[in-house]
Amino acid sequence: MKIALAGGVGGAKLVRGLVQILPPEELAIVVNTGDDFVHLGLNICPDLDTVMYSLAGIADSIRGWGIADESWHFMDALARLGGETWFRLGDNDMATHIERTRMLANGQSLSDVTAILCKKLGLQHSLIPMSDDPAGTFVDTDRGQLAFQEYFVKHQCEPTLKRVNYQTKAQPSPKFAEYLNDDSLTGIFICPSNPMLSIEPILALSGVRETIRARKIPVVAVSPIVGGKAIKGPAAKIMSEMGVVPSPVSIAQYYEGLLTAIVIDNADSNLASQFKNVAVSIENTIMTTAQDSRVLATSVNDLVDKLYSCRTE
Ligand code: FO1
């Protein structure tokens, strides 16, 4: 069994490949909930929904969030009433938030609610929220402290980032904790998601980083930085603001002590000699089609299997 740690768009792309090659009982997909917030009274889980919609084949791949061919009557009506419109909720997407909010209000856990929503959308693989506790990320910026979505969407990542604050006391969700400790766990994939905003909220949860280290199994990351730029999103800008050169070498350094191998893009093959203490694999990491995702997922999975079979106790 293997675990994939995923954020939004980059996570969804690799996961889309992993589900083509690993059956549900061999893959646990753990998704960041550090971006979650309550907006207009609704529980919104952007990364869970991005991965869920992607696996259901209904994601808006151009926008990178929400559902394709969406209509916006609710937002238009809200705007006419002078309501808050900085965070746009499409009419079909709204159904997910309303249903999730209703089930959570009935006392169901986010894990259970997510499993139900995934099943209703026809997914074979269930998504596991990183935590059932509220675990929202806060950022310290030159405009003060902001909740994640205020920083990311309301202010479009414009404020200069000084520090990211994670919910280190939140517990991993029961299934995540169970799989982390499962005897049959043979490897962990870190998807090409933003290390500071999407993956660190998962690793920072109570006991997670320590447990992964203690397992002594391969941990393989796919770099979200290619040619000095983020494939999508503000990872490169944020790394620069935090004093880190945006490059796959910095990604490997970021995960130092945890990582067995890093997968970098062909475009960065000239950097291969600069990595210390990790194996490097060079692939096409730009996943434009489902076939690209499958090819990369196959290479990454083979790499984990190879590293697992060569591991020293
Ligand atoms: N991102 C935006 O840039 N603008 C939006 O209005 C917006 C709305 C939205 C609604 C539902 C949802 O699940 C995601 C949404 N996102 C929006 C994306 C999202 O907030 C971020 O991309 C992620 O949190 C970063 O991973």
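Here the structure is a predicted model, which means the values were calculated and not measured.

Q: Even after reading the chapter, I still don't get the overall build of the chain, so can you show me in this structure?
A: Within the chain, the regular secondary structure consists of 12 helices and 14 strands. In terms of overall size, the chain behaves like a compact globule, its C-alpha atoms giving a radius of gyration of 19 Å where 313 residues would be expected to give roughly 20 Å. By principal-axis analysis of the C-alpha atoms, the chain measures approximately 60 × 40 × 40 Å. Among the 313 residues that make up the chain, the fraction classed as buried is 51%. Long-range contacts, defined here as pairs at least 24 residues apart, represent 68% of the contacts in the chain between residues at least 6 apart. Counting only carbon and sulfur atoms, one obtains 51% of the accessible surface of the chain, whose full area is about 13,800 Å². Side-chain charges in the chain split into 27 positive and 35 negative, and the spacing between the mean points of these groups amounts to 2 Å.

Q: What should I look at first to understand the nonpolar core in this one?
A: When a protein is soluble and globular, its nonpolar side chains tend to lie buried together. Ile3, Leu5, Phe176 and Leu259 are the most contacted members of the largest nonpolar core, which totals 51 residues. Not counting residues within four places of it along the chain, the set of residues in contact with Leu259 comprises Ile190, Val219, Val220, Ala221, Ala252, Asn277 and Val278. Listed in part, the 35 residues of the second largest apolar core include Leu48, Met52, Val263 and Leu296.

Q: Would you explain the pattern of salt bridges in this entry?
A: It is possible for side chains bearing opposite charge to pair when their charged atoms get close. For the coordinates displayed, the defined rule picks out eight salt bridges. The partner of Asp305 in a salt bridge is Lys2, and the shortest N-O contact between them spans 2.8 Å. Taken together, the residues span a long stretch of sequence, with Asp305 in helix H12 (residues 290-310) and Lys2 in strand S1 (residues 2-6) at a distance of 303 residues. Residue classification places Lys2 among the buried residues on the basis of a relative accessible area of 6%. Taking the shortest distance from any N to any O, the salt bridge between Glu241 and Lys237 comes out at 2.6 Å. One end of the pair, Glu241, and the other, Lys237, are both in helix H10 (residues 235-241), four residues apart, so they sit about a helical turn from each other. Glu241 sits in the partly exposed class, given a relative accessible area of 25%. Accessibility expressed as a relative area gives 33% for Lys237, which makes it partly exposed.

Q: Could you clarify how one ought to interpret the site of the ligand in this entry?
A: In the region of the ligand, 13 residues are neighbours, and Asp35, Asp47, Phe87, Arg88 and Gln149 sit closest. Trp65 places a side-chain nitrogen or oxygen 3.2 Å from a nitrogen atom of the ligand. For the ligand, an oxygen atom lies 2.8 Å from a polar atom in the side chain of Gln149. Relative to its unbound accessible surface of 540 Å², the ligand loses 87% to contact with the protein. Elements represented by at least two residues in the shell around the ligand include exactly helix H2 (46-56) and helix H6 (148-154).

Q: Help me understand the packing of helix H8 (residues 195-203) against helix H9 (residues 208-215) in this model?
A: For any two helices packed against each other, the geometry is given by the interaxial angle and the distance between the axes. Remark: H8 packs on H9, axes separated minimally by 7 Å, with the N-to-C direction vectors making an angle of 80°. One finds that H8 runs roughly perpendicular with respect to H9. Residue-level contacts link Glu200, Ile202 and Leu203 of H8 to Val208, Arg209 and Ile212 of H9. Residue composition of the contact of H8 with H9, by class: four nonpolar, no polar and two charged.

Q: Sorry, what's going on with helix H5 (residues 110-120) here?
A: Think of an α-helix as 3.6 residues a turn; residues three or four steps apart then line up on the same face. Three or more residues of H5 are buried, namely Leu110, Ser111, Val113, Thr114, Leu117 and Cys118. Taken down its axis, H5 places every buried residue within 165° of arc, on the same side. More than 90 degrees from the buried face of H5, the exposed residues found are Lys119 and Lys120. On its buried face, H5 is in contact with H2, helix H4 (91-105), strand S5 (127-129) and helix H7 (174-180). Looking one or two residues beyond H5, the residue adopting positive phi is Gly122, at roughly 85°.

Q: Would you mind showing me how to read the pairing of strand S7 (residues 144-147) here?
A: Within a regular strand, side chains alternate between the sheet's two faces. By the bridge criterion, four bridges tie strand S6 (residues 138-141) to S7 in an arrangement that is antiparallel. By the bridge assignment, Val139 is partnered in S7 with Leu146. Adjacent in sequence and paired antiparallel, S6 and S7 are bridged by two residues.

Rules behind the numbers
Residues numbered from 1 in each chain as written. Predicted model: local features only at pLDDT ≥ 70, side-chain atom pairs only at ≥ 80, totals over all residues. Heavy atoms only, no water. Helix = DSSP H or I, 4+ residues; strand = E, 2+ residues; numbered from the N terminus. Rg over C-alpha atoms; globule rule 2.2 N^0.38 Å. Buried < 20%, exposed > 50% of the residue type's maximum accessible area, 1.4 Å probe, protein only. Contact = heavy atoms within 4.5 Å. Areas by Shrake-Rupley, 256 points an atom, 1.4 Å probe, with all protein chains shown as cover. Lys, Arg positive; Asp, Glu negative; His and termini not counted. Charge placed at Lys NZ, Arg CZ, Asp CG, Glu CD. Core = buried A, V, L, I, M, F, W, Y, C linked by side-chain atoms within 4.5 Å. Salt bridge = Lys/Arg side-chain N within 4 Å of Asp/Glu carboxyl O. Near = heavy atom within 4 Å. Polar contact = N/O pair within 3.5 Å; in protein donor to acceptor, adjacent residues only side chain to side chain. Axes fitted to C-alpha atoms, helices over the stretch in contact; angles between N-to-C directions. Parallel < 35°, antiparallel > 145°, perpendicular 65-115°, else oblique. Nonpolar A, V, L, I, M, F, W, Y, C, P; charged D, E, K, R; others polar. Arc of directions from axis to C-beta. Pairing = 2+ DSSP bridges.

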